[in-house]
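Chain by chain, the residues run as shown.
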Amino acid sequence: MRIDILSLFPEMFDGPFASSIIKRAVDKGLVNIYVNNFRNYAPDRHKVVDDYPYGGGAGMVLKPEPIFAAVEDLRGSPYVKNPQKPVILLSPQGRLFDQNIARELASRESLILICGHYEGADERVSQHLATDEISIGDYVLSGGEPAAIVMVDAIVRLIPGVIDCLSTADDSFSRGILEYPQYTRPANFRGCQVPDILLSGNHGEIEKWRRIQAVKRTLERRPDLLDSASLTAEEQKILARLEYFNHL
Ligand code: ADE
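What counts as what
Residues numbered from 1 in each chain as written. Predicted model: local features only at pLDDT ≥ 70, side-chain atom pairs only at ≥ 80, totals over all residues. Heavy atoms only, no water. Pairing = 2+ DSSP bridges. Helix = DSSP H or I, 4+ residues; strand = E, 2+ residues; numbered from the N terminus. Axes fitted to C-alpha atoms, helices over the stretch in contact; angles between N-to-C directions. Contact = heavy atoms within 4.5 Å. Core = buried A, V, L, I, M, F, W, Y, C linked by side-chain atoms within 4.5 Å. Buried < 20%, exposed > 50% of the residue type's maximum accessible area, 1.4 Å probe, protein only. Polar contact = N/O pair within 3.5 Å; in protein donor to acceptor, adjacent residues only side chain to side chain. Near = heavy atom within 4 Å. Areas by Shrake-Rupley, 256 points an atom, 1.4 Å probe, with all protein chains shown as cover. Nonpolar A, V, L, I, M, F, W, Y, C, P; charged D, E, K, R; others polar. Salt bridge = Lys/Arg side-chain N within 4 Å of Asp/Glu carboxyl O.

Novice: I'm lost on the sheet that holds strand β1 (residues 2–7) in this one. Help?
Specialist: What holds strands together in a sheet is hydrogen bonding between their backbones, with the strands either parallel or antiparallel. Read from one edge of the open sheet, five strands run β2-β1-β6-β5-β7, paired in parallel fashion. Edge positions in the sheet fall to β2 (32–37) and β7 (132–135), since each has one partner strand and no second. Neighbour to neighbour, the strand axes of the sheet diverge by 35 degrees on average, direction disregarded. Pairing of β1 with β2 involves six bridges; the strand directions are parallel. In the sheet register, R2 faces β2, and the bridge partner there is N32. Packed on one face of the sheet, helix α3 (residues 64–75) meets β1, β2, β5 (87–96) and β6 (110–115) and runs near 170 degrees to β6.

Encoded structure:
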């Protein structure tokens, strides 16, 4: 997979991309990540990338020319939108990033992420260049860079071969519900005991306990997820039982 990031602050990616899972994926050749400063594509001598908003108002707006030129350099000109080759504008106005979007993007061969700044990018970037606009949450960052780092991390770990696929299959959200609680040694830490069932060696009972815990935790912490989760028949039974006892 190839990921191109367009940013005015490429140095923000140095640390996050040089460690842990992302670095390992790059070293293994499973993903190539390029960070391009789109200031280099500004047509004028002074490399201006922003301007005052038409109609007045606070802040500056990113000009369309450098961003279009940077994307066309990567995708060819004239540029034709192709959802198979996503060009994603990061902004608080986008659809909310989640595990399903991460999975969908991890299956693409190439990806361009555009990091906005200031008061955002000229609307024509969103309308005529980007195939998608994504937000990582309902808060405003000072730029799209932290959002790009979050997305790249979530996407890269799903690329086959990057990490053990059994561990991503068990992730929170992999089927739309939260993960069961995990413990490691010591069995007794400052008087807090690991649940007996996990020490029993009875794998069937352990799996059952984990399914119950995952549903219970989702019901307690993120009941909103249960509306669209793909629960097995057994998990639906567990949920019905938990809801029944909650109403007693
Ligand atoms: N840029 C500024 N805020 C953002 C957000 N919440 N998500 C993605 N990009 C952003």
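Novice: Looking at this structure, I do not really get the nonpolar core. What am I missing?
Specialist: Among soluble globular proteins, nonpolar side chains are generally buried collectively. By size, the foremost hydrophobic cluster in this structure holds 31 residues, and its most contacted members are I3, I5, F97, L105, L113, M151 and V152. Secondary structure elements with two or more residues in this core: β1, α2 (20–27), β5, α4 (99–106), β6 and α6 (145–156). Of the residues forming this core, the biggest block, eight residues, is contributed by α6. Setting aside chain neighbours within four positions, we find V152 in contact with I3, I5, F17, I22, I33 and L113. Core analysis: the second largest hydrophobic core is formed by 17 residues, A42, V49, I112 and L129 among them.

Novice: Teacher, can you tell me more about the side chain of D122 here?
Specialist: Considering the arrangement of structural elements, one finds D122 in the loop between β6 and α5 (123–128). Residue D122 is classed as buried on the basis of its relative accessible area, which comes to 15%. There is a polar contact of 2.7 Å between the side chain of D122 and the side chain of R124. The contact partners of D122, leaving out residues within four places of it in the chain, are V61, L62 and P64.

Novice: Sorry if this is basic, but what is going on with the site of the ligand here?
Specialist: Near the ligand, the surroundings consist of L90, S91, P92, I134, S135, I136, G137, Y139, V140, L141, G143 and A147. The contact in question runs from a nitrogen atom of the ligand to an N or O atom on the backbone of S91, over 3.3 Å. A distance of 3.0 Å separates a nitrogen atom of the ligand from a polar backbone atom of L141. When the ligand sits alone it has 260 Å² of accessible area, and the protein chains cover 96% of it. Taken together, the elements giving at least two residues each to the shell around the ligand come down to β5 and β7. In terms of residue class, the shell around the ligand is made up of eight nonpolar, four polar and no charged.

Novice: Please clarify how the pattern of salt bridges should be interpreted in this entry.
Specialist: If the charged atoms of two oppositely charged side chains come close together, the side chains can form a pair. One pass over the full model with this rule turns up 12 salt bridges. The closest approach of N and O atoms between K63 and E65, which form a salt bridge, is 3.8 Å. For R211, the salt bridge goes to E234, with nearest N and O atoms at 2.6 Å. On the criterion of sequence distance, the pair formed by R211 in helix α9 (residues 203–221) and E234 in helix α10 (residues 233–246) is long-range, its members being 23 residues apart. Judged by relative accessible area, E234 falls into the partly exposed class, the value being 30%. Each of R95, E104 and D132 takes part in a single network of salt bridges with overlapping partners.

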